[in-house]
Amino acid sequence: MKRSKFKMRITIWFSLALLVMCLFMGAVIISLYRMKMENSVLDNLQVVIDECAKMIESDTELQQLLRESGMDTADNSGFLQDDVFLMIYREDKSRACGLFLYEETDALPFEDRQLQKAEADHVSFWLYDRYIYSEEGGLWLRGLQYSAAEMGDILYTLRDVFLVFPFVLIFALLGGYWLAGRFLRPVTQISRTAEEIRRNGDLTKRIEIKDSGDEISALAGTFNGMFQKLAENFEAERKFSSNASHELRTPVAVILAQCEYALGNADNTEELKEALEVIRRQGYRMSRLIETLLTLTRIEQNTGYYPLEKANVSGLAEDACRDMRLSAEQGIVIETDIEDGVYAEINPQLFCLMLDNLLQNACRYGRENGKVKVILREKGDEIELKVADDGIGIGERDLPHIWERFYRGGNSRGKKGMGLGLSLVQQIVRYQKGRITVSSTAGEGTEFCIIFEKVREEK
Ligand code: ADP
């Protein structure tokens, strides 16, 4: 119902606008036409009177005749020329001859070559005078022509124009309703698709509109993009929860099996200890997983749990490398090239977690007696942190996916891990307003490069 109300509103506004425009245009056309007609009336009146004056001036006999003929003797029909009524007065403004339509014209002032507008019996007209000099006594030649407004065709034009208006209005209403429907069709389509998605929760649905490059198709495009993003997010969430529950199910199953075994079959302390050992290992695994998931959630929700502060990253990086040296396996050597006194806006706890994950990966996927290099330096307004190893590298097919949660590359077979390390690293880097890139060649090694914004150091 709401939709058709809107359509109706557009139609009414459109029709009203059209009507106002028509009225305005009609008024402009009529006044222009009237002005033009009035001018042609004046031109005609002057031309006719001037010509008559010229003729009378050059003919003294005619002057004499006119002066003496008087009203009764003159042949009146000759005094109407091209819609101009001719009236001839003597020097003393008494009527000589001509077509005198109104008494009022006699009393109006006489002035040579002057136009004047006058009215009698509710009819308006123009008068134009010429004085013809003669020694025997001058003559006044006065012409009368009705003003353009009095001419029938203007009234007819006006009437015609106003008669057309109802039709224009009906046409505008029908046309406007049809047009509004056409314009609103894509909007209706958008809301219908959105409604369908709401009802069925089917995010694969898309608004099907031709890409005409206008605002509506841009809006539809934005909606489709939004549905796409929502679908991707829901899919990622779904995958994430299913992976997380899968990851938790395995240790829980192992713990339960070990408990059953210990309670039912373990005969001596040795066996009980063994079972407890397995349970502890799985417990730690679960705890690590839960801890990582919790950290990811806290970062994502930005609850203020990890406040950012200006910290000395040089010191933090040195500490992390020193700790890693103690636990590094396979004879891997950790080399550092860390510039002193580098400060950045970070959360120290998260920064250590991030570096720890990268170092662990570098050692885990490193080769025996290999080398891991950590470089920290300032580069212009930025800080660059690199963690590079000369290990097994990442395959080309795995490279685009390593940031995904629970993704483990082909090279991880037989190695510890849950596939959450790099997604956590990426999340931490973003949280600290940095960016991270990776370059790797299978069999040669991997390098992670993180860029942070520098903060002026305090002396
Ligand atoms: P995992 O727990 O499997 O290490 P991560 O999220 O830390 O999970 O890493 C995802 C995948 O990226 C790993 O399974 C591995 O295939 C690859 N990877 C990460 N770091 C390295 C590295 N330094 N060298 C080679 N491969 C790596």
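Everything in this summary refers to the structure shown in the same document. Predicted model, so just to flag it, every value in this text is computed and none were measured.

Quick notes on the rules
Each chain has its residues counted from 1, running along the sequence as written. Residues qualify for local features only when their pLDDT is at least 70, as the model is predicted, and side-chain atom pairs are given and counted only at 80 or more; totals for whole chains, interfaces and linings, by contrast, use all residues. Side-chain figures throughout are based on the complete set of non-hydrogen atoms in the structure, without hydrogens or water. Throughout, the term near means that a residue has one or more heavy atoms lying within 4 Å of the molecule or strand in question. Nitrogen and oxygen atoms within 3.5 Å of one another constitute a polar contact, given that in protein one can donate a hydrogen and the other can accept it, and given that sequence-neighbouring residues count only through two side-chain atoms. Only the protein chains shown count as covering a residue, and every accessible area follows the Shrake-Rupley method with a 1.4 Å probe. A pocket here means an open set of points on a 1 Å grid, computed over the protein atoms alone, that has protein on both sides within 12 Å along at least five of seven lines. A cavity is instead a set of points where a 1.4 Å probe fits but cannot get out; residues with an atom within 4 Å of a point line either one. What decides whether a molecule sits in a cavity or pocket is whether more than half of its atoms lie within 2 Å of the grid points. Secondary structure elements follow DSSP: runs of H or I of four or more residues count as helices, runs of E of two or more count as strands, with numbering from the N terminus. Pairing of aromatic side chains requires ring centres within 6.5 Å, counting the rings of Phe and Tyr and the six-membered ring of Trp. Pairs whose planes differ by under 30 degrees are stacked, by over 60 edge-to-face, and all others tilted. Buried residues are those whose accessible area, probed at 1.4 Å on protein chains only, stays under 20% of the maximum for their type, while exposed residues exceed 50% and partly exposed ones sit between those limits. By definition here, charges over rings are those cases where NZ of Lys or CZ of Arg is within 6 Å of the ring centre and within 35 degrees of the ring normal. Criterion for a salt bridge: a side-chain nitrogen of Lys or Arg within 4 Å of a carboxyl oxygen of Asp or Glu. In this analysis an axis means a line fitted to C-alpha atoms, helices contributing only their contacting stretch, and an angle means the value between N-to-C directions, from 0 to 180 degrees. Under this scheme an angle from 65 to 115 degrees is roughly perpendicular, one under 35 degrees roughly parallel, and one over 145 degrees roughly antiparallel; angles in between are oblique. By definition, turning the near helix anticlockwise from the far helix through less than a right angle yields a left-handed crossing, and turning it clockwise yields a right-handed one. Two residues form a contact once any of their heavy atoms are found within 4.5 Å. The nonpolar class holds Ala, Val, Leu, Ile, Met, Phe, Trp, Tyr, Cys and Pro. Asp, Glu, Lys and Arg form the charged class, and all remaining residues, Gly among them, are polar.

Turning our attention to the site of the ligand. Near the ligand there are 21 residues, and of these N361, Y365, R408, N411 and L422 occur at the shortest range. With respect to the ligand, the side chain of N361 contributes an N or O atom lying 2.8 Å from an oxygen atom. For the ligand, whose unbound accessible area comes to 530 Å², protein coverage reaches 99%. Judged by the proximity of its atoms to the pocket grid, the ligand belongs to the largest pocket. Put simply, the parts of the chain that give the shell around the ligand at least two residues each are α8 (348-364), α9 (421-431) and β13 (445-453).

Quick look at the packing of aromatic side chains now. According to the stated counting rule, one finds eleven aromatic pairs in the structure shown. Here the aromatic rings of Y102 and F125 are separated by 5.3 Å at their centres, their planes lie at 5°, and the arrangement is stacked. Pair noted here: Y102 is in the loop between β3 (95-98) and α3 (104-107) and F125 is in strand β5 (residues 123-132), with a separation of 23 residues, a long-range link. Assigned by exposure class, Y102 and F125 land together as buried. Members of the aromatic cluster, joined through ring pairs, are Y89, F100, F110, Y131 and W140. It is R142 that lies over the ring of F110; its NZ or CZ is 3.8 Å from the centre. If you follow R405 out to its NZ or CZ, it ends over the ring of F240, 4.9 Å from the centre.

Applying the stated criterion across every chain, the model contains 22 salt bridges. We note a salt bridge from R95 to D106, for which the minimum N-O separation is 2.7 Å. With a gap of eleven residues between them, R95 in strand β3 and D106 in helix α3 connect regions that are remote in the sequence. With a shortest N-O distance of 3.4 Å, E384 and K379 are connected by a salt bridge. Salt bridges sharing partners connect three or more residues here, namely D50, E57, D112, R113 and R130.

Moving on: the packing of helix α6 (residues 269-301) against α9. Two quantities define a packed helix pair, namely the angle between the helix axes and the distance between the axes. Two elements in contact, α6 and α9, have axes separated by 10 Å at closest approach and are oriented at 25°. Between α6 and α9, the crossing angle belongs to the class labelled roughly parallel. Crossing of α6 over α9 shows left-handed handedness. Contacts between α6 and α9 involve T292, T295, L296, I299 and E300 on the former and, on the latter, S423, L424, Q427, I428 and Y431. Of the residues in the contact of α6 with α9, the class split is five nonpolar, four polar and one charged.

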